[in-house]
Amino acid sequence: MAVLSLALLHAHGAAAQAIDLAGPLTLKRTPQLQETVPQPLRGDQTSFITGEQISGQPDLQTVVTGNAQLRRGDTVINADKLSYDQPTDLAKAAGHVRVNQAGNEYSGPDLELKVESFEGFFNNVRYRFLATGGHGDAQRIDFVDAARSVAREATYTTCRREDYPGWMPAWMLSATTLHTDTEENVGVAENAQLSFMGISTPPFPSLSFPLNSNRKTGLLPPTIGVDNVNGIEITQPWYWNLAPNRDLTLTPTLMSKRGIDLSTDFRYLEKGYNGEARVDYMPSDVLRGRDRWGIWSSHTQTFDAKALGLSSFSGSLNINRVSDDDYWRDFSRTPSLTQRLLASDGTLNWSKGDWSGQARALYYQTLQDSTTSATIIPPYNRMPQVTADYNKYDWNGFDISLNNDYTRFDGDPALQSRQFASGALLTQPNAERVYSQATISRPFLTPGSFVVPKLQLHARAYSFDDPLEVRSDAQAYGKLNGVSSANVTVPTFSLDGGLVFERDTSFFGRSLVQTLEPRAFYVYTPYRDQSAIPVYDTAANDFNFATVYTENAFSGNDRIADNNLLTLGVTSRLIDPDTGAEAARFGIAQRLRFSDQKVQLPGVPTVDKGVGDVLMGAQINWTPKWSLDTTIQYNPDSHISTRNTLSLRYSPGPYRTISAAYRYQADSTPGAGDGNKSLDIGWQWPLNDLWGTKDENLGPGRGLGGGRWFAVGRLNYSLIDRQMTDGIIGLEYDGCCYIGRVVLERLTTGQVTANTRIMFQIEFVGFTSVGTSPMRTLQTNIPRYTPLRQPVTGPSRYTNYD
């Protein structure tokens, strides 16, 4: 075989001598291996010609026959015969011509091409794009340059080509003219038809589609859905790629029972700030007889902290507002989903050394349920809240913290009354509250033990807009009547200690490290009467392993529980000695209360001294495929469990996951009811496993092959009411180059109402989709759901560099 180089390769001796063979080897990028060769550098690329016979005149023309190849930069031309004219940079190839240009492949019988500028034409060509795997045929392709081309009488599909007579793809785009631009990553088909399973659409004058997963301006696929409340929904989004860091989506939606809803979604990403703003507006809702709107906006920004002498300085702004109380029910697929407490806030955060703080304004919109008399008590707005915190760790062995907070609580006093267990009713005025909490602790730590004594001092003061009024005959609750201010100071002492024992062991033939970790936590807080002080931001902590070893039974700062109790517990873990992964964890804890807890929230009775509930829990992750998590809260006096949770998950691999959870919560008031019992089941599983075509190698990036069915769903069933509360059930079909989805969704939007809709979608992989996408529903509701197609980094041009 003859080889001819049409450019001299120079060895830079001086550079070679400068190499330090004794020093570390430094790898550097070379322009010759770039994925995309810049246009200014294309003329500097070396050309290599190989073949069985080479003839011609130096610096004028070269003719190669037999396995001819011309290689320059990211372009390779193979043919039976190839001639190259150097003055015009024109290559002519004939007979089994194959061109690889930056990974895109073209083949046919006849080619003329200017190699450097990549200008020319190819007759009767078959092509394939690297980024999407899309391919097709054309009578002729005219190459405008290295990025742009025009194909005549062309076809396009992403279906895998089968090599047998009469093969037809599941879907195919046919066009009189097909323009492709790999730089803009867009294809435009003129006089185009889309055929699927032998059924063709009417001709489209013009149709654009992406050549990869990058964004592009234009109409997005329309969606069509059916909803039992809104009727038939037809949505036609339009996407505007304003800049690489900014875009805008306009989405009009026609709802047959309501009217037209207009949505705009603007996103931006700058060097020091980023955010998103969405506005929905329905001029006239036929069902409600009024205008409907919603606003959702988020913005975060980083400021120049050094100019202010700070370590860091940032801010954020979040807006969540809708037009009326029924918005959460009627438009459950907006960003607010089914939330009924919409928070809007603006925040400034700063830090300097050991100090940090925040200035914040927080406003809630509470959406009440018009179908029931039950009213949600809205939380107080914080207008404003200012904090300053100091944290110093390991100062001569001590940890010190100081937390300061000023908050102005603003709400509707008519909705903020609190009922006491005695029947007394406290009307809560708006107020200002200042609190400080100082903490000092001295940890004593060894590899096998820890002891942490801690002292806390919590002080707070209130100034009420109106004097307190407690309406009751009980004098104990009326002593604060007429008071316009209040304050309380509460000290707390706690002592936390534990031991850690380890031993090597084995279970079921598996070597493990087992730990035994006993722990004791004592806390003493003297009683301070706080019964008539209003509650602005405080709630009882959930009883779990995260809160059982804490000093206060409440979150927030309006109540500090009086405590004289000891919490005893023990934990045992099984740890893989090679990876450090936790194979299992078992724990048990119980509180011994030496005196009654009198400080409570309004309407909650005193907690008697004695032995508290037993908390037991287990987490088992014996293999990555299986997971078991359970928690039991057992009352030793009544000999019953007041709360049980049990969840089990089996995930042997991608696209295969089954989870089940049982939850029981007893009613907090004895005799008030049966509490809450529910069963929650979710799944994603290939149905082909059922008829013997199981494929263990399914996974993102591997390709799923054709003809695979997947079952997806999640069901939440109330065992008390004996009815389904929420349900999602559907099927997905992977046909290799297309995916079909049918999903039925039922969401409860009130005590007696529910929304039901069916979503149907066909996704032509690498091209477009038709129907209503259920992806958000599936990803939100099904634990560990894996999309059948996930965005991946485009393949390198060197994957087929030949």
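About the criteria used
Residues numbered from 1 in each chain as written. Predicted model: local features only at pLDDT ≥ 70, side-chain atom pairs only at ≥ 80, totals over all residues. Heavy atoms only, no water. Helix = DSSP H or I, 4+ residues; strand = E, 2+ residues; numbered from the N terminus. Buried < 20%, exposed > 50% of the residue type's maximum accessible area, 1.4 Å probe, protein only. Contact = heavy atoms within 4.5 Å. Salt bridge = Lys/Arg side-chain N within 4 Å of Asp/Glu carboxyl O. 1 Å grid on protein atoms, 1.4 Å probe; cavity = no way out; pocket = protein on both sides within 12 Å on 5 of 7 lines; lining within 4 Å. Points joined across faces, edges and corners; volume = space filled by probe spheres on them. Nonpolar A, V, L, I, M, F, W, Y, C, P; charged D, E, K, R; others polar. Core = buried A, V, L, I, M, F, W, Y, C linked by side-chain atoms within 4.5 Å. Pairing = 2+ DSSP bridges. Phe/Tyr/Trp six-rings, centres within 6.5 Å; stacked < 30°, edge-to-face > 60°. Lys NZ or Arg CZ within 6 Å of the ring centre and 35° of its normal. Polar contact = N/O pair within 3.5 Å; in protein donor to acceptor, adjacent residues only side chain to side chain. Disulfide = S-S within 2.5 Å.

A. Region of the structure containing the overall build of the protein. Helices and strands together make up the secondary structure of the protein, namely five helices and 50 strands. When each of the 802 residues of the protein is scored for burial, the buried share is 41%. For the protein, the proportion of contacts with a sequence separation of at least 24, taken over those separated by at least 6, is 51%.

B. Main features of the pattern of salt bridges. Tallied over the entire structure, the rule returns 36 salt bridges. Here Arg72 ties to Asp89 by a salt bridge, and the two come within 3.3 Å at their closest N and O atoms. Here Arg72, found in strand β4 (residues 61–72), pairs with Asp89, found in the loop between β5 (75–85) and β6 (90–101); they are 17 residues apart in sequence, far enough to count as distant. For Asp89, a relative accessible area of 12% puts it in the buried group.

C. View of empty space enclosed by the protein. By the definition in use, this model includes four cavities of 30 Å³ or more. Of the voids in this model, the largest cavity is the one considered here, and its volume is about 60 Å³. Counting only elements with at least two residues in the lining of the largest cavity, the list comes to β7 (104–114) and β10 (148–156). Classifying every residue of the lining of the largest cavity gives six nonpolar, five polar and two charged.

D. Summary view of the nonpolar core. Counting 45 residues, the largest nonpolar core has Ile77, Tyr106, Leu111, Tyr156 and Trp171 as its most contacted members. Excluding anything up to four places from it in sequence, Tyr106 contacts Val97, Arg98, Val99, Phe122, Val125, Arg126, Tyr127, Phe129, Ile141 and Phe143. Judged by nonpolar contacts, the second largest core, of 12 residues, contains Leu468, Ala486, Ile533 and Ile560.

E. Representation of unusual backbone geometry within the structure. The peptide bond linking Met383 to Pro384 adopts the cis configuration, its omega dihedral lying at 5 degrees. Relative to the helices and strands, Pro384 resides in strand β26 (residues 381–395). With phi around 50 degrees, Met197 is a residue other than glycine that occupies positive phi space.

F. Highlighting the environment of Asp59. Residue position: Asp59 is located in the loop between β3 (53–57) and β4. Between the C-alpha atoms of Asp59 and Pro87, which are 28 residues apart in sequence, the distance is 7.6 Å. Excluding residues that lie within four positions of it along the chain, Asp59 makes contacts with Gln86 and Pro87.

G. Main features of the pairing of strand β22 (residues 290–302). As paired elements, strand β21 (residues 273–285) and β22 share 11 bridges and run antiparallel to each other. Of the residues in β22, the one forming a bridge with Ala277 is Ser297. Between β21 and β22, which pair antiparallel and follow one another directly, the connecting turn spans four residues, one of which, Gly289, has a positive phi of 70 degrees. Summarising the sheet, β22 and strand β23 (residues 312–322) pair through nine bridges and their orientation is antiparallel.

H. Looking closely at the packing of aromatic side chains. Taken as a whole and assessed by the stated rule, the structure comprises 29 aromatic pairs. On the basis of an interplanar angle of 45 degrees and a centroid distance of 5.2 Å, the ring pair of Tyr127 and Phe129 is categorised as tilted. Comparing Tyr127 with Phe129 shows no difference in burial state: the two are buried. Their ring planes at 90 degrees and their centres at 5.9 Å tell us that Phe508 and Trp622 sit as a pair that is edge-to-face. One end of the pair, Phe508, is in the loop between β35 (501–507) and β36 (510–525); the other, Trp622, is in the loop between β41 (610–620) and β42 (626–635), and 114 residues separate them in sequence. The exposure class of Phe508 is exposed, given its relative accessible area of 79%. Three or more aromatic residues joined by ring pairs form one cluster here, namely Tyr127, Phe129, Tyr156, Trp171, Phe196, Trp709, Tyr733, Tyr738, Phe764 and Phe767. When the ring centre of Trp622 is taken as origin, the NZ or CZ atom of Arg510, which lies over that ring, is 5.0 Å away.

I. Summary view of the side chain of Arg382. Inspection of the secondary structure assignment puts Arg382 in strand β26. In this structure the side chain of Arg382 is engaged in a polar contact, spanning 3.3 Å, whose partner is the side chain of Gln385. If sequence neighbours within four positions are ignored, Arg382 has contacts with Arg360, Ala361, Leu362, Thr407, Arg408, Phe409 and Asp537.

J. Quick peek at the state of the cysteines. One pass over the full model with this rule turns up one disulfide. Covalently, Cys159 is tied to Cys737 through a disulfide, its sulfur atoms 1.9 Å apart. Note on the Cys159 and Cys737 pair: the S-S dihedral is about 60 degrees, so by sign convention the disulfide is right-handed. Remark: Cys737 occurs in the loop between β47 (723–734) and β48 (738–748) and Cys159 occurs in the loop between β10 and β11 (171–181); sequence separation between them is 578 residues. With a relative accessible area of 3%, Cys737 lands in the buried category. Not part of a disulfide, Cys736 finds its nearest cysteine sulfur in Cys737, a span of 5.6 Å.

K. Broad picture of the environment of Phe266. Relative to the assigned elements, Phe266 resides in strand β20 (residues 259–269). Residue class for Phe266 comes out partly exposed when judged on its relative accessible area of 29%. The contact partners of Phe266, leaving out residues within four places of it in the chain, are Leu242, Arg246, Asp247, Leu248, Gly275, Glu276 and Ala277.

Such coordinate-based values are descriptive only and should not be taken to indicate function.
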